[in-house]
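# A structural walkthrough
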Amino acid sequence: MALKRTMVYAEASDLAVIKEAAARSNVSEAEIIRNAIHLAALRVQRRSEPLRLRRFASGDPTLAERVDDYLADDFGRDTEHP
């Protein structure tokens, strides 16, 4: 991976947090900042791309009516007592 140099301005309090995290995790401050930039770039990239969902046919015409029951089962909740 070819790295390019850039300059970024940051709040002193944010830099202090990064410095502490680097010391605790035994990695460089630059590595933490590079990882943060990478995650931010991925997040922006995902938001700009259209959401692609596949359609399927369940064959059950009552499925949509029972979706709350299925979701409640997945989250361990009672549908009558949210």
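Throughout what follows, the structure given in this document is the object of discussion. All values derive from a computational prediction rather than experimental measurement.

Okay, the pattern of salt bridges next. Across all of its chains, the model carries 2 salt bridges by this definition. Salt-bridge contacts for Arg34 lead to Glu31; the nearest nitrogen and oxygen are separated by 2.9 Å. Note that Arg34 and Glu31 are positioned in helix H2 (residues 29–48) at a spacing of 3 residues, about one turn of the helix. Looking at Arg34, the relative accessible area reads 35%, which means it is partly exposed. Ionic pairing is found between Asp60 and Arg66, a salt bridge with its closest N-O pair at 2.0 Å. Since its relative accessible area comes to 29%, Asp60 is described here as partly exposed.

Reading guide: rules and limits
- Residues numbered from 1 in each chain as written.
- Predicted model: local features only at pLDDT ≥ 70, side-chain atom pairs only at ≥ 80, totals over all residues.
- Heavy atoms only, no water.
- Salt bridge = Lys/Arg side-chain N within 4 Å of Asp/Glu carboxyl O.
- Helix = DSSP H or I, 4+ residues; strand = E, 2+ residues; numbered from the N terminus.
- Buried < 20%, exposed > 50% of the residue type's maximum accessible area, 1.4 Å probe, protein only.

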